[in-house]
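Structural description and commentary
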Amino acid sequence: MKIKLGVSACVIGEKVRFDSGHKRSNFVCSELTDFVEYVPVCPEMAIGLPVPRPTIRLLEHDDQIRLVDTKNNEIDHTEKMVRFSEDKANQLSQMDLCGYVVCAKSPTCGMERVKVYRENGYVAAEKIGVGLYTKALMEKMPWLPIEEDGRLNDPVLKENFVFRLFALRDFYDSMSEGITRRAIIEFHSRYKLILMAHCPREYRELGSFVAKISEYDIDEFYLEYRTRFMQALAQRASRKNNTNVLMHLQGYFKRSLDKQQKAELAKLILAYRVGEMPLLVPLTLINHHLSLYPDAYIASQKYLKPYPDSLRLRYGL
Ligand code: SF4
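Residues numbered from 1 in each chain as written. Predicted model: local features only at pLDDT ≥ 70, side-chain atom pairs only at ≥ 80, totals over all residues. Heavy atoms only, no water.

**Brief notes about the overall build of the protein chain**
Within the protein chain one finds 13 helices and seven strands. Projected onto the principal axes, the alpha-carbon positions of the protein chain cover approximately 75 × 45 × 35 Å. In the protein chain, which comprises 317 residues, the share counted as buried stands at 48%. In the protein chain, the proportion of contacts linking residues at least 24 apart, taken out of those at least 6 apart, comes to 67%. Surface exposure of the protein chain reaches about 16100 Å², of which carbon and sulfur atoms provide 49%. Distance from the positive charge centre (46 side chains) to the negative charge centre (41 side chains) of the protein chain: 6 Å. (Helix = DSSP H or I, 4+ residues; strand = E, 2+ residues; numbered from the N terminus. Buried < 20%, exposed > 50% of the residue type's maximum accessible area, 1.4 Å probe, protein only. Contact = heavy atoms within 4.5 Å. Areas by Shrake-Rupley, 256 points an atom, 1.4 Å probe, with all protein chains shown as cover. Lys, Arg positive; Asp, Glu negative; His and termini not counted. Charge placed at Lys NZ, Arg CZ, Asp CG, Glu CD.)

**Thoughts on the packing of helix 6 (residues 181–190) against helix 9 (residues 218–233)**
Contact geometry of helix 6 with helix 9 gives a least axis separation of 11 Å together with a crossing angle of 15°. What the angle tells us is that helix 6 and helix 9 run roughly parallel. As for the relative orientation of helix 6 and helix 9, their crossing is left-handed in sense. Mapping the contact onto sequence places Arg181, Ile184, Phe187 and His188 in helix 6 and Ile218, Phe221, Tyr222, Tyr225 and Phe229 in helix 9. By residue class, the composition of the contact of helix 6 with helix 9 is seven nonpolar, one polar and one charged. (Axes fitted to C-alpha atoms, helices over the stretch in contact; angles between N-to-C directions. Parallel < 35°, antiparallel > 145°, perpendicular 65-115°, else oblique. Left-handed = near helix turned anticlockwise from the far one by under 90°. Nonpolar A, V, L, I, M, F, W, Y, C, P; charged D, E, K, R; others polar.)

**Concerning the UniProt feature "domain: DUF1722" (unreviewed entry) in the protein chain**
As recorded in UniProt, the sites labelled "domain: DUF1722" (unreviewed entry) are residues 192–308. A helix fraction of 70% and a strand fraction of 0% characterise residues 192–308, whose end C-alpha atoms lie 19 Å from each other. (UniProt positions renumbered as here; feature names shortened; annotations may be inferred.)

**A short note on the pairing of strand 5 (residues 97–102)**
Across the six residues of strand 5, six count as buried, placing the element largely inside the fold. As defined by bridge partners, strand 1 (residues 3–8) adjoins strand 5 across four bridges and the pair is classed as parallel. The partner of lysine 4 across the bridge, within strand 5, is leucine 97. Examined bridge by bridge, strand 5 and strand 7 (residues 146–148) share three bridges and lie parallel to one another. Across the sheet, tyrosine 100 pairs through a bridge with isoleucine 146, a residue of strand 7. (Pairing = 2+ DSSP bridges.)

**A word on the environment of proline 155**
Here proline 155 shows up in helix 5 (residues 155–174). Proline 155 sits in the partly exposed class, given a relative accessible area of 49%. Sequence separation between proline 155 and leucine 313 is 158 residues, and the spatial gap between their C-alpha atoms is 7.4 Å.

**Notes on the pattern of salt bridges**
A complete count under the given rule lists 15 salt bridges for this structure. Between arginine 190 and aspartate 170 there is a salt bridge; the shortest N-O distance is 3.1 Å. Taken together, the residues span a long stretch of sequence, with arginine 190 in helix 6 and aspartate 170 in helix 5 at a distance of 20 residues. Aspartate 170 sits in the buried class, given a relative accessible area of 13%. (Salt bridge = Lys/Arg side-chain N within 4 Å of Asp/Glu carboxyl O.)

**Some details on the packing of helix 5 against helix 9**
In contact at an axis separation of 10 Å, helix 5 and helix 9 are set at 160° when each is read in the N-to-C sense. Put simply, helix 5 runs roughly antiparallel to helix 9. For the pair helix 5 and helix 9, the crossing hand works out as right-handed. Contact residues: helix 5 offers Asn160, Phe163, Arg164, Ala167, Leu168, Phe171 and Tyr172, while helix 9 offers Tyr222, Tyr225, Arg226, Phe229, Met230 and Leu233. Split into classes, the residues belonging to the contact of helix 5 with helix 9 amount to ten nonpolar, one polar and two charged.

Written as structure tokens, this is what we have:
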């Protein structure tokens, strides 16, 4: 099943911007296209603004953030936009949406550092603004991976975002025959090494949470687990944590490998640890050993293959 990806309509090339242009992202439209089903939304058009249209901006007014016409503060779109955004976020939260790519800097769709103006025309000192629509998405779906188009040019942010799309799709697929304790426990088991790499604290705490699953209402457990799991994955896997996971994996082969093979693997892990090699190198050798010395638990771990190799995302890590 394809991954449902919410997207600012201009990011997939729709000419919906104020100047009748678009902000097509090559990564979203080309590299991801085989794996995703787009759910495009242009909130400004959805509230009835035309194309082309006068520009709008965020304005600090009486300790509130308003969405107003750039040239005339009296033309205020805030209420309409907030109402639309809350309704749309509610609707999207009922779908198996796995992520969202929003357009940077927009007073409607921007995710961070959107300019907020003062009434004197100056920009407020800290660029703390969030587009009104994206703010509603983040509040309604704290588990959802959301990224800006521009940030996806960073290989580390891109890998983490795509990895979370596939993880959330896997989570929904795992529950496709019903939300059961068994389905959650099996899913959690496959992601143990991923959690260890991304957030050792949540690896421990989610482990205890899952161990007590029978004490919870399953629907409440599902909601809390989804948010905590996805927020843990949003943290970047550090080189130190990845090294710990590689050494953990190495331990599974201690009886199978001879002295020379062990030394070779240890050398690659160390080379990764000090930044001389990408993660892919020791992982390739571990996958090779796994094909020679199968282990059901290790083979089940998503850490070894979190998304299709054809995306080529682990080369720069
Ligand atoms: S940034 Fe958002 S509101 Fe602006 S054109 Fe793109 S989709 Fe529409």
